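Topology and contacts: notes
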Amino acid sequence: MTIRELIQQDSFPSQKAGSTGGGEYAGPSPWCGGEDRFRVWPSQGEFGKYWCRGCGRSGDAIQYIRDHRRMTYQEACHQLGREVNLPSTLSGSRPAKPQREPRVTAAPGDLWQAKARKLVDEAVYHLWTPTGYPMLDFFSQRRGLIDATIRGFSLGLIPLNRVKKTSVIIAMRGGEWVGLLQTG
Ligand SMILES: [Zn+2]
């Protein structure tokens with residue numbers, strides 16, 4: 001059975017459209033329809049070749065059976081009356097490129113926002129207590145930040161020294177997160 005007949009079995013007939021590659025046939029794409037976008041070359045290679053101008057799918061009879069009839073490589077070989085362990089004829093055939101969908105990002109949910117806001121408030125509180133004096137000192141003496149800036153960015157301190165001997169500095173400005181860093 002040629003690849004053209006195989007595809008025809010699935011109700012996608014094709015008509016001769018030229019003589020390139022030993023005969024080119026055109027018909028609707030089994031995947032994306034149309035009228036003559038799907039091209040088949042039954043005499044190309046051992047299992048023929050197909051290529052769709054619409055969706056870009058291409059391959060041979062084995063690939064077609066795997067891709068369109070959802071069968072395994074082994075099942076495809078059986079269908080075509082081939083030994084499974086023949087050297088692979090799959091080189092040169094490939095499934096269509098998967099469509100890349102841009103990932104939609106969204107702000108964290110209300111619960112996260114509320115918890116984060118609480119953490120920021122806590123951090124700001126600690127910075128302006130004796131616990132935070134060394135950090136305040138660091139901000140003003142070493143970083144040259146004035147109090148208005150420190151408050152404006154909601155810089156804060158979460159003392160974690162009992163556990164990890166690290167502190168977390170959190171920065172917010174106008175309700176927007178601008179940074180989070182950890183110091184040793
Ligand atoms: Zn197509």
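Residues numbered from 1 in each chain as written. Predicted model: local features only at pLDDT ≥ 70, side-chain atom pairs only at ≥ 80, totals over all residues.

**Quick notes on the overall build of the chain**
Within the chain, the regular secondary structure consists of six helices and eight strands. Ordered by position from N to C terminus, the α and β elements of the chain give α-β-β-β-β-β-α-α-α-α-α-β-β-β. Buried residues in the chain amount to 23% of all 184 residues. Of the contacts formed within the chain by residues at least 6 apart in sequence, a portion of 34% connects residues at least 24 apart. (Helix = DSSP H or I, 4+ residues; strand = E, 2+ residues; numbered from the N terminus. Buried ≥ 20, exposed ≤ 12 C-beta atoms within 10 Å, placed from the backbone. Contact = placed C-beta atoms within 7 Å.)

**Digging into the sheet that holds strand β5 (residues 58-59)**
In sheet architecture, strand pairing relies on hydrogen bonds along the backbone and comes in two forms, parallel and antiparallel. One open sheet accounts for five strands, arranged β1-β2-β3-β4-β5; its pairing is antiparallel. The open sheet has two edge strands with one neighbour each: β1 (15-18) and β5. (Pairing = 2+ DSSP bridges.)

**What about helix α2 (residues 61-68)?**
For α2, a buried count of six out of eight residues is recorded, marking the element as mostly surrounded by other parts of the structure. Where α2 is concerned, the buried positions are Ala61, Ile62, Gln63, Tyr64, Ile65 and Asp67. Buried residues belonging to α2 abut α1 (3-9), β4 (49-52), β5 and α3 (73-79). Positive backbone phi, at 55°, marks Arg70, one or two positions downstream of α2.

**Some thoughts on unusual backbone geometry**
In this structure, Arg70 is a non-glycine residue whose phi angle is positive, near 55°. Non-glycine residue Ser154 carries a positive phi angle of around 50°.

**Some points on the nonpolar core**
Counting residues in hydrophobic clusters, the biggest one holds 15 residues, and the most contacted among them are Ile3, Val40, Ala61 and Tyr64. Broken down by secondary-structure element, the contributors of at least two residues to this core are α1, β3 (33-41), β4 and α2. Broken down by element, the residue count for this core peaks at four residues, all from α2. What Ile3 contacts, discounting residues up to four positions off in sequence, is Val40, Pro42, Phe47, Gly48, Tyr50, Asp60, Ala61 and Tyr64. Of all hydrophobic cores here, the second largest spans eight residues; its members include Val120, Ala123, Leu155 and Leu157. (Core = buried A, V, L, I, M, F, W, Y, C linked by C-beta atoms within 7 Å.)

**Considering the pairing of β4**
The side chains of a regular strand alternate between both faces of the sheet. Bridge analysis of β3 against β4 gives four bridges, and the strand direction is antiparallel. Bridge pairing links Arg39 to Trp51 in β4. Looking at chain direction, β4 and β5 are connected through two bridges and run antiparallel. By the bridge assignment for β5, Tyr50 is matched with Gly59. Here β4 hands over to β5 after five residues, with Gly56 in that stretch at a positive phi of 80°.

**Looking at the confidence of the model for the chain**
Averaged over all residues, the pLDDT of the chain is 82; the fraction at 70 or higher stands at 79%. Mean pLDDT in the chain bottoms out at strand β8 (residues 176-183), which sits at 58, and peaks at strand β2 (residues 24-29), which reaches 96. (pLDDT = per-residue confidence, 0-100.)

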